[in-house]
Structure formats: C-alpha cells, structure tokens
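Here is how the chains run, residue by residue.
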Amino acid sequence: MNEIARVSDFDVKDYLRLNLMPHFMCPGCGHGIALRSLLWAVHELGIDRNKLAVVCGIGCSGRTGAYIDANTFHTTHGRPLAFATGLKLARPDLTVVVITGDGDCLAIGGNHLIHACRRNLDITCLMLNNEIYGMTGGQVSPTTSATRVTSTTPAGNTEPTFDACKLADAAGASFVGREVTRQAPALKNLIRAAIEHDGFSFVEVMSDCTEIYGRKNELGESAEMILSQKSDMVPDGLGNAPDQPFRPNRMATGILARHARPEYGRTYRERSAELRAGTEG
Amino acid sequence: MSSSLHSLQGNKACALAAIAAGCRFFAGYPITPSSEIAEQMSRDLPRVDGVFVQMEDEIASLAAVIGASLGGSKAMTATSGPGFSLMQENLGFAAMTEVPCVIINVMRGGPSTGMPTKPAQGDIMQARWGTHGDHPIIVVAPASVQEVYAETIRAFNLSERFRVPVVVLYDQIIAHLIETVELPPKGSIHTVERKWASGTEEGFKPYAETDDLVPVMARPGDGHRLHVTGLTHTEDGFPTQKPDLAAHALNRILDKIERNRAEIDKVEQIETKDAGTVIVAVGIAARAARRAVQMLRSEGIRAGLVRPVTLWPFPDEALRAATANARAVLVPEMNAGQLIHEVQRVVGGSAKVAGLNRVDGEPIPPAAIAQKVRELVADE
Ligand SMILES: Cc1ncc(C[n+]2csc(CCOP(=O)(O)OP(=O)(O)O)c2C)c(N)n1
Ligand code: SF4
Ligand SMILES: [Mg+2]
C-alpha cells in the first residue's frame, strides 16, 4: 500500500471517544498531532482496541489518553511507567503504550524512565517534549532550551538540558527514536516501529506548546512554530546523533538506536516455568 | 486434609498468607524490618505462576501493584515507615480509583530513618490519614504470628470485596518473632474474588452505584474500554468538576466503608464486661496488655482489654459499649500518643483517659501496664 491509500483508510474519529469533544487542547498544540500519529500507527498495525492499554502521566500530554477509545489509565505525575510495568507484567497479552511529558518523564519520573529502559519490558513510551510544563502554566522543564523564557525563568533559562534519547539509550532502552510533529507520517512510522519492537521503546516526540511557550518566547503562530521544526531537526538519525553535551540546536530524528535484547517479561516467565518444572519434576 | 503446625516468623507467615489468599503479584523495595516478605514472595510467586518484581523505589512499587491489580491480579507490596511515606500519593490514587491492593507496613522507630531494627507504633495515624484528601481506607493490626497469617488473608478479602486499599500494620517484633502457627488445610481458606463485569453488559458504567456501594470492576481486554483517573470522576469514569457530582463521588467512596462496617469491624475484648479499668491497645502493645489484665485480675483488680483488630475504621461502638461503666481507660502505645486521641474522642468525659507511652525502641512490658492501672485505680 502506498502512503496515500493508507492515509485515506485511516479515520482518526474511529479511534476517539467523540462524546468527550471538544477536547481541552489549545489551538495548534502539538500534542494533538502526536495523539493522531499514535492512533494512525495503531490502525496500521491492526491492534485490537480491547487489548490496547494506554497509561498516561499528569500534564497536557497525560490528558490526551482519555480521548482514545481503548483501556486508558490516567495515573499520577511521573509514574505512568511504573504503573505500566505492573500492568504489563501481569498482562503480557496487552499492548501497553505510555504517554508522558518532558516534565513527567524526565523530572519527577526520571528514575522510573531509566529503570524501565534497563528492565526492557515490552512497553512503548511516547514522551511528548514541548520543552515546558504546559499544564501548570509554563514553568521551566529539564528540556527547556537555553535562554528561553518561562514562568520560572523570567530572565531566560540558564539550566542545561537533557538529551532524552541519549539518556534512554545509555540506560538500556532497546529502541530509541525521535520525530517531530511536523512530520506526522514519519512520526506514525516511528511509533509503529516502536510498538512492533519487542522490548522497551522510547520515542521522543518534539511537540509544541503554542499557547504558553510559543507566546512567552514570541515564536509566532502555531504554523510558524511547526515550520521552524524543520530547521531544528536533522532527519534520519541512526548513528548520526550530534555529539553535544546538552540539547543541540539541531537534533537527529528517526530511529536512533535499536538493539536485540531479551524482553524482560518473557525472560521472567520462562525462568519461572523452569523453576516450576524443577520443583514438580 | 487437616491443619498443620509450623514454626514461622511473622514476615514469612505474611507472605504465605498472601499466596494462600490468591496474591499473584508483588512489587517492592527492600527495607528493614519488612524485607523477608519480599524475599519470600520472590521465591514463592514464580512457583504459582505469579510475578515478583523489585522496583526502583516504593513509589514505583505501589504504582506497579496498582497497575497489576488493574490488570486483574491480586497484588501487594510490603514496606516500613520511610517507604510507607513514599507510597502515600499512589495509595490515594488506589482509594480514589477503587483499585484493590494490600500494603504491609512493618513499623519501626521513626520519624525519618529512625531506628530501623527497633519496633514502634508510630504510623497509626499515618496509616489512616497519610495521603491527602478525605479518603477511604481499611487498616488491620495483627498481634501474633498466627494473626498475621489470618489478617493478611482477611486484608486481601476486604480489599477485593470493597475495592479499597488495605494496610496490614504490625511492628518489628511481630515481624521477626517466630511462633507456632496452625496453617489451615489447603482448600479450606476462604478467599474473596472481585466482582467482575463480563465485558458484554450494555451501557456499563465503571463507577455505577450498586446496593452495597461497591462498583463492579471491568478487566482490560474483556470488552469494556474504560478510563481510570485519579481526577474526581463521574459514574462513567471521566473527570468532572460539577459540585453535585463531585460531592456524590467522594461521599460514595467514604460511605462504602461506613455502610459496610458489619463486614469490616473486628475487635477482641477480654474481661470488659465488669471492667472498672479498660485498656485499649493494638498489636504488640496489646499482647503486653493481655498479660497485664491477667496479673491485675489475680490481684482482684477488675481490668479489661479492648483490642481493635480492624484498627481503621475505628471501632467506636464497641469501645463505647465496653467503656460505658468504666471509671478509667488506659492506652499503652509505642509512640508519643496517637491511639489515645481516638479513644478520648469516643470515651468523651465518661471516664478518665490516660496514656502510657514509650518511644525508645523498646516494648512496653506487662508489669508497666499493670502498675499504671494500679495507680489509676488508687487515684479514684
Ligand atoms: C506530585 C505532583 N507534583 C506536581 C504536580 C503538578 N503538575 C501537573 S502537570 C505538571 C507538569 C507537566 O509537564 P509535562 O510533563 O512536561 O507535561 P505537559 O503539560 O507539558 O504536556 C506538574 C508539575 C502534580 N500533578 N503532581
Ligand atoms: S498549554 Fe501548551 S501543551 Fe498544554 S494544551 Fe495548551 S498548547 Fe498544548
Ligand atoms: Mg511538557
């Protein structure tokens, strides 16, 4: 199937809880594109929605999950990966996707992120990075670019940032990728590959907080913000990520790392079965 | 098959009881004096096709437990004060979203790191009020290894029955005490299963009010595609800020416990019928109090004991009845005075209420309790 045929085959409305509309997101917010791209990937993969579990943190990013017509869990701030770990270990038959934000995932939830990467359970983690705490009114986050103005950095951010993908890779994630909301089909493909991957997948989605971040930093209308993603990103990142200490001006996109590592849930179940055979035999 | 006698440590009895109650998921983080529970679960769960996972901290531990319970497993964690503090936010999440889970809190000296290897009863109030906001919770307080076994099973049953987090609260002494325990024969243990939706009901509402106020739970994958949120939610599970719906949602989860007290309450009473002095104590302090009652009775002093086994909700009625004719009430506890506030609230001015407190990491001996009762009697 070519791209056009697949696009026409997919109707996002089939996957949404339309009774909840209108949604809460501000006009132009990048999180909507991320949500749509996820559902597009789910559609292409033919995942049974009864078997899809979407576990969200707290934030504008975390609120997106409620609109998905699947099993959706809106947990506590920073902890969705820990909830998802229990759910996936108890229910390996479910496809588990986590939606988190840059604050949720890298600040309050940073410890859970690195351990989820290390454990390598078959969970797909989408981190919607808008470089800001959107929900609470635009405070600085661990990914806010240098000099940006936020409600808690009135004179411009002076803190260094995380490169979330490098962090995830170093912590052992067996699949790492990054994509911009400007490239919805590419984002869809990346999420699709991440879900298909057998193990922990980390996907950083470069999203835009148009209302707060955009306004405070005079980044223009939402269309201008999304277009600027073009100059900031380097496509096709595999093995190509710029070697810079903090968030570089230009970031690599695409699949950045992919390793074959044993999926933890299966390893645990196999080892348990051996134990049982040993005690019973 | 008949029951069998075993020499068991408190923490081991707890783990065995959990498996017997149907627990198939444990997530935890090591902490003295609770670690033996995790160690035992790591050995036993794989053998019953369950899952043990050591998480990165206690916040993650309870989160994983709730995640597994949402998936359909009976699940628990075990910890002590510092870890229990870290669990409070997710404990509130479980109360709000009505996800069954069991939390073992083995009390040690506090606050902060305190005295890790010493017993205390300093978490009595935290177990009730630790998470923010008004919330339902059940706390049980066993006083022997035998009772740790029974109460851990009852904790699972109550949690599944009422879709509420249940805390099993005991202390370092009971955790590490080795006593002879009678284990019931396999198959004779009463276990309770959650009310599950079939997945095919028309217009299913996950938080619909039922006769007993406990909503029917839906398992992911069975057909109902539900939303679970810690935000205040309506019967269909989605957030609301409408005052009437918000009040109704909170009142229902609180009433769920209050209205079902008959199934939840459990109090042991010793010699309270004619008691002029009633001792109120829980856990290890109650064991010393029991001995003190024997000593006092042999001297002709009419002492009795009220021991809440279900500590929260607090047994107001039983205590009021037991102290109706008492002139004095003594509350021995291994903290600076927590239980005594509840006792004072219930007893009011009808009897003099005194405390006997110890915060040095040592148990209160029976002789100290007996002596305090003698003083109270002499004062009259
Ligand atoms: C324990 C706790 N601390 C703080 C908050 C308040 N809070 C809600 S969302 C949020 C930040 C969200 O930022 P991010 O994860 O980047 O999501 P975004 O809104 O930008 O999508 C904070 C601090 C909370 N809900 N819980
Ligand atoms: S505040 Fe920012 S992140 Fe939140 S919905 Fe609005 S634009 Fe999106
Ligand atoms: Mg953000």
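Our subject in this report is the structure included herewith.

Thresholds applied
Residues numbered from 1 in each chain as written. Chains lettered and ligands numbered in written order. Predicted model: local features only at pLDDT ≥ 70, side-chain atom pairs only at ≥ 80, totals over all residues. Heavy atoms only, no water. Axes fitted to C-alpha atoms, helices over the stretch in contact; angles between N-to-C directions. Helix = DSSP H or I, 4+ residues; strand = E, 2+ residues; numbered from the N terminus. Parallel < 35°, antiparallel > 145°, perpendicular 65-115°, else oblique. Left-handed = near helix turned anticlockwise from the far one by under 90°. Contact = heavy atoms within 4.5 Å. Nonpolar A, V, L, I, M, F, W, Y, C, P; charged D, E, K, R; others polar. Buried area = accessible area lost by both parts, 1.4 Å probe. Salt bridge = Lys/Arg side-chain N within 4 Å of Asp/Glu carboxyl O. Polar contact = N/O pair within 3.5 Å; in protein donor to acceptor, adjacent residues only side chain to side chain. Near = heavy atom within 4 Å. Areas by Shrake-Rupley, 256 points an atom, 1.4 Å probe, with all protein chains shown as cover.

**Some thoughts on the packing of helix H3 (residues 58–71) of chain B against helix H4 (residues 81–97) of chain B**
Any two packed helices are characterised by the angle at which their axes cross and by the distance between the axes.
Residue and element names in this part refer to chain B.
Move 1: Direction vectors running N to C along H3 and H4 enclose 30°, while the axes themselves pass 7 Å from each other. Overall, the two elements H3 and H4 adopt an arrangement that is roughly parallel. H4 is crossed by H3, and the crossing has right-handed handedness. Where H3 abuts H4, its residues Glu58, Ile59, Leu62, Ala63 and Ile66 lie against Gly83, Leu86, Met87, Asn90, Leu91, Phe93 and Ala94.
Move 2: Residues of the contact of H3 with H4, tallied by class, amount to nine nonpolar, two polar and one charged.

**A few points about the interface of chain B and chain A**
When the parts come together, some accessible area is lost, and that loss is often what is quoted as the size of the interface.
Move 1: In this assembly, 39 residues from chain B lie in contact with 35 residues from chain A.
Move 2: Taking both sides of the interface into account, the surface hidden between chain B and chain A amounts to around 3,200 Å²; carbon and sulfur atoms contribute 58%.
Move 3: When the buried area of chain B at its contact with chain A is split by residue, Arg47(B), Glu56(B) and Arg225(B) rank highest and sum to 21% of it.
Move 4: Inspection of the region where chain B meets chain A yields three salt bridges.
Move 5: Linking Arg225(B) and Asp69(A) is a salt bridge whose minimum nitrogen-to-oxygen distance equals 2.9 Å.
Move 6: Taken together, the connections running from chain B to chain A amount to 19 residue pairs in polar contact (both at pLDDT 80 or more).

**Points about the site of ligand 2**
All names here are of chain A.
Move 1: In the region of ligand 2, the neighbouring residues are Met25, Cys26, Cys29, His31, Cys60, Asn130, Gly134, Cys209, Thr210, Glu211 and Ile212.
Move 2: Tallying contributions element by element places helix H9 (residues 210–216) first for the shell around ligand 2, with three residues.
Move 3: Here the residues of the shell around ligand 2 are counted per class, giving six nonpolar, four polar and one charged.

**A word on the site of ligand 1**
Move 1: Taken together, 18 residues sit near ligand 1, with His31(A), Cys60(A), Ser61(A), Asp104(A) and Gly134(A) positioned nearest.
Move 2: In this structure, ligand 1 sits where chains A and B come together, each supplying nearby residues.
Move 3: His31(A) is positioned such that a nitrogen or oxygen atom in its side chain is 2.9 Å from an oxygen atom of ligand 1.
Move 4: At 3.0 Å, a side-chain N or O of Asn130(A) approaches an oxygen atom of ligand 1.
Move 5: Coverage of ligand 1 by the protein amounts to 77% of the 590 Å² it exposes when considered alone.
Move 6: Residue assignment for the shell around ligand 1 shows that the elements contributing at least two residues are helix H3 (60–63) and helix H5 (102–108) of chain A.
Move 7: Counting residues per element, the shell around ligand 1 draws most heavily on H5(A), which supplies four residues.
Move 8: Split by residue class, the shell around ligand 1 holds six nonpolar, nine polar and three charged.

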